[in-house]
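Architecture at a glance
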Amino acid sequence: MNDTPPAPKPAGTSTASPSGADQHTHAGARSLSWTESKTARDWIGLALGVLTAFVWALEWVIHRHAYGEIEKITGVFVLFGLGGMVLVVILGRMVRSLFAKAPDHYSTQRSGGFDG
Amino acid sequence: MGETAFSLSAIQWHHITPALPIILGGLLSAAMPIAGLRKLIGLLAPALALTLWLSAQTGSYGALVIGEFTLQTLRYDGLSRIFGLIFIIATALNSIYGWHDRDRGQDACALLYAGAAVGGVFAGDLLTLFVFWELTALASVYLVMARGGAENINAGLRYLAIQVLSGVTLLSGAVLWAGANGGSFAFGADFATSTSGEPFFDPSTPGGALILLAFGIKAAFPLLHNWVQDSYPRASSVGAVVLSAFTTKLAIYALARGFAGYEPLIYAGAIMAVFPVFFAAVENDLRRVLAYSLNSQLGFMVVGVGIGTELALNGAAAHAFVSVLYKGLLFMAMGAVLLRTSTVNANQLGGLFKTMPFTTVFCAVGAAAISAFPLFSGFVSKAMILTAAAKEHHELVWAMLLFAAVGAVHNAGLKVPYRAFFDRDSQRRPKEAPFNMLLAMGIAAFLSIYLALPLPQGWGGMSAFYRLLPFDIGYDAYTVSHVLAQIQLLAAAAFAFAMMLRFRLYPQERPATILDTDWVYRRLGYGFVIWAAAITGQLWSGAMSGIGLAGDVLARRIHAAFAPAGAVNRMISDGAAAMWTGVLLAVTLLAALFAA
């Protein structure tokens, strides 16, 4: 099958050639490795927080047309964004706690046929 | 004798359904052993289909008379036009994406499947729709099974059973509907200049209800949806991209044609948009996340169909159009990851941007589109449905859709690209995707941006896209209100996501089977079948034993009576037996003589 690539090398194994150059890493990609640092992530989070506060503040400057009563609530979209994201994660965890089974849950029950 | 000259100009091209070249391409591919030629067919077929689409004229054509039935193979109007176009575009993109693949079955079935979907869109009656409806099922099942292995084949069988069930239900409904409507197999209203706001089929009748059920199965209605999550992630990297484009959008088209304005669809759609969000949030298989996300996006379209106003139907059609592109793009990105790393599990990936930068960028474009980021295609389509819901005073539905939009941001907008390409370093250093995959992703990404750009007149972009829609209503997506509201939603959602990651409140995915409605037929249904088979086996064994026992008893009795040492022979001498046999024969002959 075309979807079966060579097995991945164990963690820590370099694909570098004897000359030291990694044959498979794009030079442009290396420059993005700063995003992995905790400091970078903190700055990204801070920037998003500032942006959120800024666009929320615009509610008092720019008139936003609303069709319904819910939409008229000041900052309703910010509230939906914040609360909705938290709710998705919380309820998602509940779904997992209620419905998660072993990965081979369906495979353990029969000796062949319709299910797998 | 006069000469007969064949002239291409004499052919009425606008009478030919665009499905024909694609289906013929599929059949030709099936018989073509040379992979390179199959790939060329995969490009030529949609090119020819596009030519036919461009030459088509509004109206109904291509009538085929079979016995007492007339099949209308081509109905071209505002609704079929836009769905037909995106299916043709998707066919071409799929062919480019799968250029490296050497599976003849996948090449052929992908084209047959696409052709059947195009045929279904342009079908002018229920019988023609049924033919293409079933062909999509038969052609696509191979794509589910193509990776081989017992689990994938069984998933394909389950997929086939459900798709065929939808087809049989459709045929039953069509027959009942025709019986109650003077034998008419007409399929839905013509989308000429406006919509009546009332559904064409009456769901309160048996025929209408069965037709709605058939459409609902393929549209992944709540409780009928899990075949999508069961089958799509099983397919190959190419197969999943193909599968994501057609079946569900064909069902949305059918709903729009037959049930536009049917109010219960509004609430069904709202539920469809919301509930998959929670399952997608905890799935480890990123293609399964995309499958749930696809389900959620279908909910938006169903809401639009249910509202039934021109704005809502435009929104449903537009959202279906762009969804094929950005969802296809996301599946393409995950397909590339699968090809290079052999996994799409979130707990096994991360840091792939280092060696797959282009795939990362294209995935990010798809994520921005599904998140309805301004200047990306989802922004200009989703807005219409939300606005339509608000204008018709469906506030609860509006709120549910807005929440579902946040869910889409989380699942496909953030989780999929973040877990696959960023997050922690998984130490995997796969090569970038093959050029053909990057080309297909690039085209899909370009369209996902281009269709949303508010360009000047004559430059295309959003205005050209809106002109494709069924109704001309002059909607403007880029109002200050809308742009501000959407940026607020996105910024706040991204901030919440970042904070949950920062303070380790975000749950790590782990391998698991998340039970869904497929439990009903995979556990309960399968258990019932096993139990019924055991009971039937026991009853049959018992019956056979009983018959056998009775037979034995009868045989022993006969033997005891008529064997040489049996009771009859002991009671009667041979001479007497012969005499009485002769007397009996004479009596019988005399009786027969006098009876004649």
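Residues numbered from 1 in each chain as written. Chains lettered and ligands numbered in written order. Predicted model: local features only at pLDDT ≥ 70, side-chain atom pairs only at ≥ 80, totals over all residues. Heavy atoms only, no water.

**What to know about empty space enclosed by the protein**
Residue and element names in this part refer to chain B. Under the counting rule described, the total for this entry stands at four cavities of 30 Å³ or more. Every residue lining the largest cavity is counted, 17 residues in all, and those nearest its centre are Asn94, Ser95, Gln106, Asp107 and Ala110. Of all the elements in the fold, those that place two or more residues in the lining of the largest cavity are α2 (35-55), α3 (78-97), α4 (104-121) and α9 (237-259). When residues in the lining of the largest cavity are grouped by element, the largest group, five residues, is from α4. Split into classes, the residues belonging to the lining of the largest cavity amount to seven nonpolar, six polar and four charged. Along its surface, the second largest cavity is lined by Ile86, Ala90, Leu93, Asn94, Val241, Ser244, Ala245, Val324, Leu325, Gly328, Met332 and Ala444. Contributions of two or more residues to the lining of the second largest cavity are made by α3, α9 and α12 (310-341). When the residues that make up the lining of the second largest cavity are grouped by side-chain class, the tally is nine nonpolar, three polar and no charged. (1 Å grid on protein atoms, 1.4 Å probe; cavity = no way out; pocket = protein on both sides within 12 Å on 5 of 7 lines; lining within 4 Å. Points joined across faces, edges and corners; volume = space filled by probe spheres on them. Helix = DSSP H or I, 4+ residues; strand = E, 2+ residues; numbered from the N terminus. Nonpolar A, V, L, I, M, F, W, Y, C, P; charged D, E, K, R; others polar.)

**Structural notes on the layout of surface pockets**
By volume, the largest pocket amounts to about 1,400 Å³. If you trace the largest pocket, you find 38 residues lining it, with A:Ile44, B:Leu414, B:Tyr418, B:Phe497 and B:Leu501 closest to the centre. Taken together, the elements giving at least two residues each to the lining of the largest pocket come down to α2 (38-57) of chain A together with α13 (357-370), α15 (395-421) and α18 (480-502) of chain B. By residue number, the principal contributor to the lining of the largest pocket is α18(B), which donates 10 residues. Among the residues forming the lining of the largest pocket, the class breakdown is 24 nonpolar, five polar and nine charged. Lining the second largest pocket are 30 residues, and of these A:Pro103, B:Glu151, B:Arg234, B:Asp285 and B:Arg288 sit closest to its centre. The set of elements that each furnish at least two residues to the lining of the second largest pocket consists of α6 (150-180), α8 (226-231), α11 (286-307), β3 (513-514) and α19 (518-562) of chain B. Residue composition of the lining of the second largest pocket, by class: eight nonpolar, 11 polar and 11 charged.

**Notes on the environment of A:Phe99**
With respect to the secondary-structure elements, A:Phe99 resides in helix α4 (residues 76-99). The exposure class assigned to A:Phe99 is partly exposed, which follows from its relative accessible area of 33%. In this structure the C-alpha to C-alpha distance between A:Phe99 and A:Lys72, which are 27 residues apart in sequence, comes to 38 Å. With near-sequence residues (within four places) excluded, A:Phe99 lies in contact with B:Thr513, B:Ile514 and B:Leu515. (Buried < 20%, exposed > 50% of the residue type's maximum accessible area, 1.4 Å probe, protein only. Contact = heavy atoms within 4.5 Å.)

**Remarks on the pairing of strand β2 (residues 69-76) of chain B**
All names here are of chain B. Counting buried positions along β2 yields six of eight residues, so the element is predominantly enclosed. As paired strands, strand β1 (residues 59-66) and β2 are joined by seven bridges and run antiparallel to one another. When the bridges of β2 are listed, Tyr61 appears paired with Leu74. Count of turn residues in the β1/β2 antiparallel hairpin: two residues, of which Gly67 carries a positive phi of about 65°. (Pairing = 2+ DSSP bridges.)

**Some points on the confidence of the model for chain B**
All names here are of chain B. When pLDDT is averaged across chain B, the result is 92; 97% of the residues are at 70 or more. With pLDDT under 50 throughout, residues 1-5 is counted as low confidence; its partners more than four residues away or in other chains account for zero contacts. Across the assembled chains, the prediction reports ipTM 0.82 with pTM 0.86. (pLDDT = per-residue confidence, 0-100.)

**Some words on a nonpolar patch on the surface**
Together, B:Ile34, B:Leu37, B:Leu40, B:Leu43 and B:Trp99 make up a nonpolar patch on the protein surface, roughly 410 Å² of accessible area in all. A relative accessible area of 30% means that B:Trp99 is categorised as partly exposed. (Patch = residues over 30% accessible without salt bridge, like charges linked within 9 Å, V, L, I, M, F, W, Y side chains within 5 Å. Areas by Shrake-Rupley, 256 points an atom, 1.4 Å probe, with all protein chains shown as cover. Salt bridge = Lys/Arg side-chain N within 4 Å of Asp/Glu carboxyl O.)

**Quick look at unusual backbone geometry**
Residue and element names in this part refer to chain B. Unlike most non-glycine residues, His393 shows phi in positive territory, near 65°. Along the chain, the position of His393 falls in the loop between α14 (377-391) and α15. Positive phi values are uncommon outside glycine, yet Asp423 reaches one of about 55°. For Asp423, the position within the fold is in the loop between α15 and α16 (435-450).

**Some points on the nonpolar core**
All names here are of chain B. Counting 201 residues, the largest nonpolar core has Leu126, Phe215, Leu255, Phe321, Met334 and Met441 as the members making the most contacts within it. Tallying contributions element by element places α12 first for this core, with 21 residues. Those residues in contact with Leu255 that lie beyond four places of it in its chain are Leu212, Phe215, Ala219, Phe221, Ala260, Leu265, Val302 and Val305. (Core = buried A, V, L, I, M, F, W, Y, C linked by side-chain atoms within 4.5 Å.)

**Observations regarding helix α7 (residues 206-218) of chain B**
Along an α-helix, residues three or four positions apart point the same way, because every turn accommodates 3.6 residues. Residue and element names in this part refer to chain B. With 13 residues, α7 extends 19 Å from end C-alpha to end C-alpha; this agrees with the ideal 18 Å at 1.5 Å per step. Along α7, the residues that are buried comprise Gly207, Gly208, Ile211, Leu212, Ala214, Phe215, Gly216, Ile217 and Lys218. Its buried side turned inward, α7 meets α5 (126-145), α6, α8, α9 and α10 (264-282). Two residues or fewer past α7, Ala220 is found with a positive phi of approximately 65°. (Expected span 1.5 Å × (residues − 1).)

**Focus on the packing of α12(B) against α13(B)**
Two numbers describe a pair of packed helices, the interaxial angle and the distance between the axes. Residues and elements named next belong to chain B. At a minimum axis separation of 8 Å, α12 and α13 run at an interaxial angle of 150°. It follows that α12 is roughly antiparallel to α13 by the angle criterion. In this structure, α12 meets α13 at a crossing whose hand is left-handed. Taken together, the residues of α13 that come into contact with α12 (itself represented by Tyr326, Lys327, Leu329, Leu330, Ala333, Met334 and Ala336) are Thr359, Phe362, Cys363, Val365, Gly366, Ala367, Ala369 and Ile370. Looking at the contact of α12 with α13, its residues break down into 12 nonpolar, two polar and one charged. (Axes fitted to C-alpha atoms, helices over the stretch in contact; angles between N-to-C directions. Parallel < 35°, antiparallel > 145°, perpendicular 65-115°, else oblique. Left-handed = near helix turned anticlockwise from the far one by under 90°.)

**Some remarks on the side chain of B:Arg287**
By secondary structure assignment, the location of B:Arg287 is in helix α11. The residues contacting B:Arg287, other than those within four sequence positions of it, are B:Arg147, B:Tyr232, B:Pro233, B:Arg234, B:Ala235, B:Ser236, B:Ser237, B:Ala240, B:Phe331, B:Met334, B:Leu338 and B:Val344.

**A look at the packing of α5(B) against α7(B)**
Residues and elements named next belong to chain B. Following both chains from N to C, one finds α5 and α7 inclined at 30°, their axes separated by 13 Å at the closest point. In terms of axis orientation, α5 runs roughly parallel to α7. When the axes of α5 and α7 are compared, the crossing they make is left-handed. Seen from α5, the contacting residues are Leu126, Leu129, Trp133, Thr136 and Ala137; seen from α7, they are Ile211, Ala214, Phe215 and Lys218. For the contact of α5 with α7, the class distribution of residues is seven nonpolar, one polar and one charged.

**Looking at the pattern of salt bridges**
Residues and elements named next belong to chain B. Inspection of every chain in the model, using the stated rule, returns 17 salt bridges over all chains. Glu283 is the salt-bridge partner of Arg288, the closest N and O atoms lying 2.9 Å from each other. Just as Arg288 is buried, Glu283 falls in that class too. Among the ionic pairs, Glu509 bridges to Arg419, the shortest N-O distance being 2.8 Å. Taken as a pair, Glu509 in the loop between α18 and β3 and Arg419 in helix α15 lie far apart in primary sequence, 90 residues in all. Arg419 carries the same exposure label as Glu509, and that label is buried.

**Section: the interface of chain B and chain A**
On the side of chain A, 70 residues touch chain B, which itself brings 86 residues to the contact. Buried surface at the junction of chain B and chain A, summed over both partners, amounts to about 6,700 Å²; 66% is from carbon and sulfur atoms. When the buried area of chain B at its contact with chain A is split by residue, B:Gln488, B:Thr513 and B:Tyr526 rank highest and sum to 9% of it. At the junction of chain B and chain A, the tally comes to one salt bridge. The partner of B:Arg502 in a salt bridge is A:Asp42, with the nearest N and O atoms 2.5 Å apart. The interface formed by chain B and chain A holds 15 residue pairs in polar contact (both at pLDDT 80 or more) in total. Ranked by the residues each element gives to the side of chain B that touches chain A, the list is headed by α18(B), at 18 residues. When its residues are assigned to classes, the side of chain B that touches chain A shows 47 nonpolar, 15 polar and 24 charged. Inspection of the sheet shows strand β1 (residues 100-101) of chain A paired to β3(B) by two bridges, in the antiparallel sense. Bridging across to β3(B), A:Lys101 finds its partner in B:Thr513. (Buried area = accessible area lost by both parts, 1.4 Å probe. Polar contact = N/O pair within 3.5 Å; in protein donor to acceptor, adjacent residues only side chain to side chain.)

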